[in-house]
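Results of the structural survey
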Amino acid sequence: VQLQASGGGLVQAGGSLRLSCAASGRTFSNYVMGWFRQAPGKERDFVAAISGAGGSTYYADSVKGRFTISRDNVKNTVYLQMNSLKPEDTAVYYCAANWGVLTTTPRAYDYWGQGTLVTVSS
């Protein structure tokens, strides 16, 4: 599976962005998809994950109620809608895929995209 993330940019606090992650390769719907983020000097943190069919989602407490993960298995794409952005959301955002485990643990994910930078100004 090859993953290509896009949609990052500069936004003011309170604004919105939608990240996309396009997948190619094997059957996309077999994979749990996750979003992670890494701020400068910090570890890579879990943001959100969605099951293969899209029926189950899980969010980090820090983004719950502001971010929404979704997927389109026809377009082989997973999305992260980010609303009410805060300066502390500034990070490089990565999409990742694993075979069937809805988990927050980065090492459980087998495939990673290249990352897209989100910068939230105050």
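**Digging into the pattern of salt bridges**
The final tally for this structure, using the stated rule, is three salt bridges. The closest approach of N and O atoms between D89 and R37, which form a salt bridge, is 2.9 Å. Of this pair, D89 sits in the loop between β8 (77-82) and β9 (91-98) while R37 sits in strand β4 (residues 32-38), and the two are 52 residues apart along the sequence. Here the two residues D89 and R37 agree in accessibility, since each one is buried. A salt bridge links R66 to D89, with the nearest nitrogen and oxygen atoms 2.7 Å apart. Placement of the pair is R66 in the loop between β6 (57-59) and β7 (67-72) and D89 in the loop between β8 and β9, with a sequence separation of 23 residues. Here the two residues R66 and D89 agree in accessibility, since each one is buried. Residues participating in the shared-partner salt-bridge network are R37, R66 and D89.

**Some thoughts on the state of the cysteines**
In total, this model carries one disulfide according to the counting rule given. Covalent S-S linkage joins C21 and C95, the inter-sulfur distance amounting to 2.1 Å. Note on the C21 and C95 pair: the S-S dihedral is about 60 degrees, so by sign convention the disulfide is right-handed. You can see C21 sitting in strand β3 (residues 17-24) and its partner C95 sitting in strand β9, a full 74 residues away along the chain. Both residues of the pair, C21 and C95, belong to the buried class.

**Some thoughts on the packing of aromatic side chains**
Under the defined criterion, the tally for this structure stands at eight aromatic pairs. Here R44 stacks its cationic end above the ring of Y94, 3.8 Å away from the centre of that ring. Cation over ring: R44 sits above W112, and NZ or CZ is 4.8 Å from the ring centre.

**Focus: the sheet that holds strand β1 (residues 2-6)**
Taken together, four strands build an open sheet; the order of strands is β1-β3-β8-β7 and the sheet is antiparallel. Since the sheet does not close on itself, it has two edges, and those belong to β1 and β7, each with one partner. Each adjacent strand pair in this sheet contributes to an overall mean axis angle of 15 degrees, direction not counted. Here β7 runs beside β8; their pairing, made up of six bridges, is antiparallel.

Rules used throughout
Residue numbers here run from 1 along each chain, matching the order of that chain's written sequence. With pLDDT at 70 or above as the cut-off, local features in this predicted model cover only qualifying residues; side-chain atom pairs require 80 or more to be listed or tallied, and sums for whole chains, interfaces and linings still use all residues. Water and hydrogen atoms play no part in the side-chain values, which are based on all heavy atoms of the structure. The term salt bridge refers to a side-chain nitrogen of Lys or Arg lying within 4 Å of a carboxyl oxygen of Asp or Glu. Working definition: helices are DSSP H or I runs of at least four residues, strands are E runs of at least two. Numbering for both runs from the N terminus. Burial classes: relative accessible area under 20% of the type maximum marks a residue as buried, over 50% as exposed, and values in between as partly exposed (1.4 Å probe, protein chains only). Our working definition of a disulfide is a cysteine sulfur pair at a distance within 2.5 Å. Stacked, edge-to-face and tilted labels apply to pairs of Phe, Tyr and Trp rings (six-membered ring for Trp) whose centres lie within 6.5 Å, assigned for plane angles under 30 degrees, over 60, and everything in between, in that order. Cation placement over rings: the criterion is NZ of Lys or CZ of Arg within 6 Å of the ring centroid and within 35° of the ring normal. At least two bridges found by DSSP between two strands is the condition for calling them paired. Whenever a helix is involved, its axis is fitted only over the stretch in contact; in every case the axis is a line through C-alpha atoms, and angles between N-to-C directions fall within 0 to 180 degrees.

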